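Given next are the chains, with one letter for each unit.
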Amino acid sequence: MKRSELIFQSIALITLAVAFILFWNFSKGVSFVENGTLFDATVTDSYSVLQENLNRMIPILLGAILFSVAIAFYLEEYLARTSWKYQIIARQIAILASIPSLLYGILGTYFFVFKTEFGSFFTHALTFVLLVLPITIQSTQRAIRGVDISVREAAYALGAKRRHVIVHHVFPHAFSTIMAGIFIAISRTLAISALIIVVYVWTEHTPQSGDPFHIPGSVIVLLLLSLLSSVLSSFLEAKTNWS
Amino acid sequence: MQSHKTEPIMHIHDLNVWYGKSQILKNLTFDVLPRQVTAFIGPSNSGKTTLVRCLNRLNDLNVNFRHTGKILLKGNDLYAPKLKASKIAQQIGMVFQKPIPFRKSIYENVAYSARLRGIKQSDQLGPIVEESLRKAQLWNEVYKHLRTSPDVLSNGQKQRLCIARALAGAPEILIFDEPCEQLDAAETPKLEAIVQNLKSHYTLIFVTNKRRQAARVSDVAGFLYSGELVEFGQTEQIFTNPKDKRTENYVTGRLG
């Protein structure tokens, strides 16, 4: 590792740690608490509970995805790979993305839901965003980098401005790869959520009707959605390879 | 020849170019005359492509690019601080080695560059597309399926489509960067004929590593060798009576 890389890596780590501590203090003070519904999903008939959660999560999800696509385009198209901004932001994202999603799930549940004693929707959403963002940013970055430089050059040589090149060429070229990455991220997130609910239910509740492996209905729905998402992703991936 | 009386459209003075720490071009000085074909020949890695990419500011995309010296387009500094590279690219078109049609229909590919310069109405775009395709000698082959994807075209047709697309942007200068490199033998004469026809309306800069092609198409030629412009002058003189020993070795095939 070169010295400059070491410095960038340290800055990325330190700033992330500081951001976490700041957020930690901030989140203790936040109190727009409405009690979480996800962890009430203990009864088999809990589709409505899940429905409610999904309804609220979808705007968050869309927002997170748009944000991550924007970040990825900013990094890849507006910053030079050698600039310090690129180096630090990309490294922070890489660190966050490299943490196994199960850790996010468990730590997120532990810190944000139980320790702060406000199992609010707000904390669910934050854990979720933290889990999804780095993965989608990285996959979008890879998709953008996959667009051949010659396409960009051809457009620039005709007098296209940067925003034209992005909107008319890079984005359409990268679109299905970007979507494939996003669906993979969603799939992983849903699977982790399902797992955590199962563990929670198993530890907190005595099995009903003698079934030691009681699985709430919401978990099955989550797993099905996760499966659907990954299948969609593989289709999009195949489309990229064909076109 | 009338060339000595006409004002140069481009004036390059003492151009030095670096990518990072390595110097690619060294002290280049020459003029480009309007409505002529100026060819640059030389072995690979002699800096030909780097040179033409300075002329339309495509090198701006490379963060390691650095240059000194002046490039004047009709007396105005090409690298003036407030001048946008996209403005330059609209005046100076480029045809690349590899034909890259966009993922749009044949019509939209050509219309794209006209749209970039602000022409939006289809009754204006139609004639521009037709005229550009005719100038690129592709109209007769594609006018029946303008709305289809260019994927069905041959490599040579794709290259002519790229020429039409560059022409629809109404440039004054058109740069060809080794345009025949990926074409088969039958397509090359067609492309050379297009270049000859375009000469009456456009200023053309033609980069090639095929000596005889440069001799066929150009009026003025420059020989680049490891970043130096060894010789620059009338094509006939360069090929029949070169002043420099290295030029002589190159045009006779003993070098590169």
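Up top you'll find the structure we're talking about.
Reference entry: report on the structure contained in this document. Here the structure is a predicted model, which is why all the values come from computation and not from measurement. Here, residues in each chain are numbered from 1, in the same order as that chain's written sequence. Here the convention is simple: chains get letters from A, ligands get numbers from 1, in the order in which they are written. Per-residue local features are limited, in this predicted model, to residues with pLDDT of at least 70; the limit for side-chain atom pairs, both in listing and counting, is 80 or more; totals at the level of whole chains, interfaces and linings are taken over all residues. Hydrogen atoms and water are omitted, and side-chain values are computed over all heavy atoms in the structure.

1. With respect to the overall build of chain B
Rule in force here: Helical segments are the DSSP runs of H or I of at least four residues, strand segments are the runs of E of at least two, and each set is numbered from the N terminus. The quantity called the radius of gyration is restricted to C-alpha atoms. Its globule counterpart is 2.2 Å times the number of residues to the power 0.38. Only protein chains enter the accessibility calculation, which uses a 1.4 Å probe; a residue whose area is less than 20% of its type maximum is buried, one above 50% is exposed, and one in between is partly exposed.
Within chain B, the regular secondary structure consists of ten helices and ten strands. Radius of gyration (C-alpha) of chain B: 18 Å, near the 18 Å computed for a compact globule of 256 residues. Projecting the C-alpha coordinates of chain B onto the three principal axes gives extents of approximately 55 × 45 × 40 Å. Looking at chain B as a whole, 53% of its 256 residues are labelled buried.

2. Comments concerning the state of the cysteines
What counts, and what does not: Two cysteine sulfurs form a disulfide in these notes if their separation is within 2.5 Å.
By the definition in use, this model includes zero disulfides over all chains. A disulfide-free cysteine, Cys162 of chain B has its sulfur positioned 13 Å from the sulfur of Cys180 of chain B, the nearest such atom.

3. Notes on the interface of chain A and chain B
The following threshold applies: Here, residues are in contact when the closest pair of their heavy atoms is within 4.5 Å. What counts as buried area is the accessible surface, traced by a 1.4 Å probe, that two parts surrender upon association, with contributions from both included. A carboxyl oxygen of Asp or Glu within 4 Å of a side-chain nitrogen of Lys or Arg is what we treat as a salt bridge. Any pair of nitrogen or oxygen atoms within 3.5 Å is treated as a polar contact; in protein, a donor-acceptor pairing is required on top of that, and neighbouring residues in sequence qualify only through side-chain atoms on both sides.
With 19 residues of chain A at the contact, the number on the chain B side is 21 residues. Carbon and sulfur atoms supply 66% of the area buried between chain A and chain B, which totals about 1,800 Å² over both sides. For chain A, the biggest contributors to the area lost against chain B are Glu153, Ala157 and Leu158 of chain A; these three give 35% of the whole. Counting the contacts that link chain A with chain B gives one salt bridge. Seen at the junction of chain A and chain B, the total is four residue pairs in polar contact (both at pLDDT 80 or more). Broken down by secondary-structure element, the contributors of at least two residues to the side of chain A that touches chain B are helix H6 (149-157) and helix H7 (162-204) of chain A. When residues in the side of chain A that touches chain B are grouped by element, the largest group, seven residues, is from H6 of chain A.

4. Some details on the packing of aromatic side chains
Residues and elements named next belong to chain A. Filter applied, for reference: For Phe, Tyr and Trp, where Trp contributes only its six-membered ring, two rings pair if their centres lie within 6.5 Å, and the inter-plane angle classes them as stacked under 30 degrees, edge-to-face over 60, or tilted in between.
All told, the structure shown has twelve aromatic pairs over all chains when counted by the stated rule. Here the aromatic rings of Phe73 and Phe171 are separated by 5.9 Å at their centres, their planes lie at 50°, and the arrangement is tilted. Here Phe171 lies in helix H7 and Phe73 lies in helix H2 (residues 47-78), a separation of 98 residues in the sequence. Taking the relative accessible area as the measure of exposure, Phe73 reaches 8% and is therefore buried. Members of the aromatic cluster, each reached through a chain of ring pairs, are Phe73, Phe171 and Phe175.

5. Quick word on the nonpolar core
Quick note on the threshold: By convention a nonpolar core is built from buried Ala, Val, Leu, Ile, Met, Phe, Trp, Tyr and Cys residues, the set being connected through side-chain atoms within 4.5 Å.
Counting 74 residues, the largest nonpolar core has Met10, Leu15 and Ile71 of chain B as its most contacted members. The biggest single contributor to this core is H7 of chain A, with eleven residues. In this structure, Ile71 of chain B is in contact with Met10, His11, Ile12, Leu15, Cys54, Leu55, Asn76, Asp77, Leu78 and Tyr79 of chain B, ignoring residues within four places of it in sequence. Leu125, Leu153, Ala221 and Ile238 of chain B belong to the second-largest nonpolar core, a separate cluster that totals 46 residues.

6. Section: the pairing of strand S10 (residues 228-234) of chain B
Side chains on a regular strand alternate between the two faces of the sheet. Residue and element names in this part refer to chain B. Which entries qualify depends on this criterion: Any two strands with at least two DSSP bridges between them are considered paired.
Relative to S10, strand S9 (residues 220-225) is paired through six bridges, and the arrangement is antiparallel. By the bridge assignment, Gly222 is partnered in S10 with Phe232. Between the antiparallel neighbours S9 and S10 lie two residues, among them Ser226 with a positive phi of about 35°.

These results come straight from atomic positions and should not be treated as a statement about function.
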